[in-house]
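Per-entry structural report
The primary structure of each chain is shown beneath.
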Amino acid sequence: QVQLVESGGGLVQPGESLTLSCAASGYSLGSYIYGWFRQAPGKEREGVACISVLPLMTYYTDSIQGRVTISRDNAKNTVYLQMKSLKPEDSAVYYCAADFGTPLTKMCDQVPPLDYWGQGTQVNVSS
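Residues numbered from 1 in each chain as written. Predicted model: local features only at pLDDT ≥ 70, side-chain atom pairs only at ≥ 80, totals over all residues. Heavy atoms only, no water.

1. Topic: the overall build of the protein chain
Looking only at helices and strands, one finds one helix and 11 strands in the protein chain. Sequence-ordered secondary structure for the protein chain, helices as α and strands as β, is β-β-β-β-β-β-β-β-β-α-β-β. Here the C-alpha radius of gyration of the protein chain, 13 Å, is about what a compact globule of 127 residues would show, namely 14 Å. Each principal axis of the C-alpha atoms in the protein chain carries an extent, and together these give about 40 × 30 × 25 Å. In the protein chain, buried positions account for 45% of the 127 residues. Of all intrachain contacts in the protein chain linking residues separated by at least 6 positions in sequence, the fraction that spans at least 24 positions is 58%. Approximately 6400 Å² of the protein chain is accessible, and the part contributed by carbon and sulfur atoms is 47%. On the protein chain, the mean spot of the 9 positive side-chain charges and the mean spot of the 11 negative ones are 4 Å from each other. (Helix = DSSP H or I, 4+ residues; strand = E, 2+ residues; numbered from the N terminus. Rg over C-alpha atoms; globule rule 2.2 N^0.38 Å. Buried < 20%, exposed > 50% of the residue type's maximum accessible area, 1.4 Å probe, protein only. Contact = heavy atoms within 4.5 Å. Areas by Shrake-Rupley, 256 points an atom, 1.4 Å probe, with all protein chains shown as cover. Lys, Arg positive; Asp, Glu negative; His and termini not counted. Charge placed at Lys NZ, Arg CZ, Asp CG, Glu CD.)

2. Quick notes on the state of the cysteines
Applying the stated rule across the entire model yields two disulfides. A sulfur-sulfur distance of 2.1 Å marks the disulfide that ties Cys 22 to Cys 96. Every disulfide takes its handedness from the sign of the S-S torsion; for Cys 22 and Cys 96 that torsion is -75°, giving left-handed. Here Cys 22 is found in strand β3 (residues 18-25), whereas its partner Cys 96 is found in strand β9 (residues 92-99), with 74 residues between them in sequence. (Disulfide = S-S within 2.5 Å.)

3. Points about the pattern of salt bridges
The full count for this structure, using the stated rule, is three salt bridges. A single salt-bridge network, built from bridges that share partners, covers Arg 38, Glu 46, Arg 67 and Asp 90. (Salt bridge = Lys/Arg side-chain N within 4 Å of Asp/Glu carboxyl O.)

4. Some details on the nonpolar core
One finds Trp 36, Leu 81, Met 83 and Tyr 94 to be the most contacted residues of the largest nonpolar core, which totals 28 residues. Elements with a contribution of two residues or more to this core: β3, β4 (33-39), β5 (46-52), β7 (68-73), β8 (78-83), β9 and β11 (121-125). Residues contacting Met 83, with those up to four places away along its chain left out, are Ser 17, Leu 18, Leu 20, Ile 64, Arg 67, Val 68, Tyr 94 and Val 123. In terms of nonpolar packing, the next biggest core, distinct from the first, is built from eight residues, Ile 33, Cys 50, Leu 104 and Met 107 among them. (Core = buried A, V, L, I, M, F, W, Y, C linked by side-chain atoms within 4.5 Å.)

5. Comments concerning the packing of aromatic side chains
The tally for this structure, following the rule as stated, stands at four aromatic pairs. Both rings, one in Tyr 32 and one in Phe 100, keep their centres 6.2 Å apart while their planes meet at 80°; by these two values the pair is edge-to-face. Taken as a pair, Tyr 32 in the loop between β3 and β4 and Phe 100 in the loop between β9 and α1 (104-110) lie far apart in primary sequence, 68 residues in all. By relative accessible area, which is 60% here, Phe 100 ends up exposed. In this structure Tyr 32 comes out as buried when scored by relative accessible area, which is 17%. An aromatic cluster of three or more residues is present, and its members are Tyr 32, Phe 100 and Tyr 116. The ring of Trp 117 has Arg 45 sitting right over it, with the charged end atom 4.5 Å from the ring centre. (Phe/Tyr/Trp six-rings, centres within 6.5 Å; stacked < 30°, edge-to-face > 60°. Lys NZ or Arg CZ within 6 Å of the ring centre and 35° of its normal.)

Spatial relationships are all this shows, so hold off on functional conclusions.
Below, the structure is given as structure tokens:
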């Protein structure tokens, strides 16, 4: 079945940039839509950015205020999340998810039950 593995998290200082990776296995990227989500302690999980591969579409929520870019590399079966100008409030566990059948906007804005989730990668923005 589908497996998603996030990587790239860690400790960064405010103002720095960070790129997270979501490696997918067991299927082609084009079979599903994908999203990056984050969850801080005591907070609900919220959508950050979502992407469909076929056709190629992207959608961003207001969670990170335009400082993020989602992209994909079909050859590597990997979805990326590029973040810049990081702030302490961006600290959270970031998760990658994949789903088949959920509209892209709904996936990101409403975070409904999704087919597959990665284990998450911690991002800690602190000075």
